[in-house]
Amino acid sequence: MKPAPAPAEDPAPPRRGHWSRRANPLAGLGSVLWLAVVIVPVYAMISSSLTHQSEALGHNALKPPAHPTLDNYSTVLHNGFGHLLWNTALVAAAVVVIVLALCVPLSYVAVRTRSVWSGAAFRLFLLGVAIPAQAVVVPLYLMIAKLDLYDSLLAIILPTAAFAMPVSVLILTGTLRDISEDLYEAMALDGASTTRMLFQLAVPLAKGGIGTVVVYAALQAWNGLLFPLIFTQSDGPRVLTLGLFTYVSEFGVDIPALLASVVLSGVPIFAVYLVARRALVGGLMGVGGK
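The shown structure was predicted, so the numbers you read here are calculated from the model rather than taken from an experiment. Each residue is numbered by its place in its chain's sequence as written, counting from 1. Restriction of local features to residues with pLDDT of at least 70 applies here, the model being predicted, together with a cutoff of 80 or more for giving and counting side-chain atom pairs; totals for whole chains, interfaces and linings are based on all residues. Heavy atoms throughout the structure, all of them, feed into the side-chain values; hydrogens and water do not.

Caption draft 1: How the structure looks around the layout of surface pockets. If you add up the space inside the largest pocket, you get close to 390 Å³. Using only the protein atoms, space was sampled on a 1 Å grid; points where a 1.4 Å probe fits but cannot get out form cavities, open sets with protein on both sides within 12 Å along at least five of seven lines form pockets, and lining residues are those with an atom within 4 Å of a point. Together, 13 residues line the largest pocket, and V42, M45, G266, V267 and F270 are the ones closest to its centre. Elements are defined by DSSP. Helices are runs of H or I of four residues or more, strands are runs of E of two residues or more, and each kind is numbered from the N terminus. Secondary structure elements with two or more residues in the lining of the largest pocket: α1 (25-49), α9 (207-223) and α12 (255-285). Note on residue classes: Ala, Val, Leu, Ile, Met, Phe, Trp, Tyr, Cys and Pro are nonpolar, Asp, Glu, Lys and Arg are charged, and everything else, Gly too, is polar. For the lining of the largest pocket, the class distribution of residues is 12 nonpolar, 1 polar and no charged. Grid points are joined across faces, edges and corners, and a volume is the space filled by probe spheres set on the points. Reported here for the second largest pocket is a volume of approximately 290 Å³.

So this is what it looks like as structure tokens:
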């Protein structure tokens, strides 16, 4: 007697590839519109920066310049742009270092410690999110003057770092809370200290949140105008946002040179974003981008 044939296995369901996903025309249309909203002003700014001053007022920013020139960029580079760029880079780097040095340990303590003091410190930092810089600029001015820091780069660095810390703590605590408790327990069983768990476990797994904080703090420092405007007055500590006023006078505005300065000042921070974009996306989506 022949044995009964084995039942045929059900064929595996076909794998859904990337191109088999259902199209979403509304999302595609929204992406195109948003791309136009971003690209068109950038194109208009670059196009206008390549025109002559005599043609600036009558030039259609959406049309390529009839006689493009790089004289505006030469004017900017020979008008102290390097000094402004150096000061701004120093401010941004110092703000990032201060924010990371203070916010990473503080966020770790807020996540790992259940004491009343850590909870109170975390709520205090969250309160700072609701306080605008304009509301406390007068007390800050008096403090800067009393500390003899007026008209220096420290007068820009310290307040900028202080106002970047609340959001940075909020981002880092959200990232550190996603780290599994089992990993901490495994390191604790191996005899790891708190400092070792911070630098060998928490920091590597929170690099997405740290990258987000780096980009956020650098943008706050790079684009800041209020603190440089109030706390400095001489050319020594002048930064890029104040340097734009060089091309504005009571008799007119050098529009092409002003836009050329804006283009050049945006290149470094755009490069920072390109380098840290993966960590930035990972920090927004959670640990590891999951």
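Caption draft 2: Representation of α9. With 17 residues, α9 ought to run about 24 Å at 1.5 Å a step, and its terminal C-alpha atoms sit 24 Å apart, in line with that. Partly exposed residues are those whose accessible area sits between 20% and 50% of the maximum for their type, while under 20% is buried and over 50% is exposed, using a 1.4 Å probe and protein chains only. Taken together, the buried positions of α9 are G208, G209, I210, G211, T212, V213, V215, A217, A218, A221 and W222. Multiplying 1.5 Å by the helix residue count minus one yields the expected span of that helix.

Caption draft 3: Spatial organisation of the packing of aromatic side chains. Note on ring pairs: Phe, Tyr and Trp rings are taken, using the six-membered ring of Trp, and paired if centres are within 6.5 Å. Classes follow the plane angle, with under 30 degrees stacked, over 60 edge-to-face and the rest tilted. For the coordinates displayed, the defined rule picks out 5 aromatic pairs. Seen in terms of ring centroids, Y141 and F231 are 6.5 Å apart; in terms of plane orientation they differ by 25°. Their pairing is stacked. In this pair, Y141 sits in helix α5 (residues 137-146) while F231 sits in helix α10 (residues 226-231), placing the two residues 90 residues apart along the sequence. Judged by its relative accessible area of 0%, F231 is buried. On the basis of an interplanar angle of 40° and a centroid distance of 5.7 Å, the ring pair of F163 and F227 is categorised as tilted. In this pair, F163 is assigned in helix α6 (residues 154-176) and F227 in helix α10, connecting sequence segments 64 residues apart. Its relative accessible area of 7% is what places F227 among the buried residues. Taken together, Y141, Y150, F163, F227 and F231 form an aromatic cluster joined through their ring pairs. Over the ring of Y184 we find R112, and its NZ or CZ is 3.9 Å from the ring centre. Working rule: Lys NZ or Arg CZ, within 6 Å of ring centre, within 35 degrees of ring normal, means a charge sits over the ring.

Caption draft 4: Up close: the pattern of salt bridges. The rule for a salt bridge is simple: a side-chain nitrogen of Lys or Arg has to be within 4 Å of a carboxyl oxygen of Asp or Glu. Applying the stated criterion across every chain, the model contains 2 salt bridges. With a shortest N-O distance of 2.9 Å, E181 and R112 are connected by a salt bridge. Remark: R112 occurs in helix α3 (residues 81-112) and E181 occurs in helix α7 (residues 181-189); sequence separation between them is 69 residues. With a relative accessible area of 28%, R112 lands in the partly exposed category. In this structure, the salt-bridge partner of D235 is R238, at a minimum N-O distance of 3.3 Å. Given the relative accessible area of 53%, D235 is considered exposed. By relative accessible area, which is 24% here, R238 ends up partly exposed.

Caption draft 5: Local environment of the side chain of S261. For S261, the location among the structural elements is in helix α12. Those residues in contact with S261 that sit more than four places away from it in its chain are V76, F81, L244 and Y247. We call two residues in contact when some of their heavy atoms are within 4.5 Å.

Caption draft 6: A look at α5. Listed in full, the buried residues belonging to α5 are V137, L140 and I144. Projection of α5 onto a plane perpendicular to its axis shows the buried side chains occupying an angular sector of 60°, all on one side. Turned more than 90 degrees away from the buried face of α5, the exposed residues are V138, L142 and K146. Looking at the buried residues of α5, the elements they touch are α6 and α10. D148 lies just past α5 and shows a positive phi near 60°. Picture the helix axis, draw a direction to every C-beta atom, and the arc is the one those directions span.

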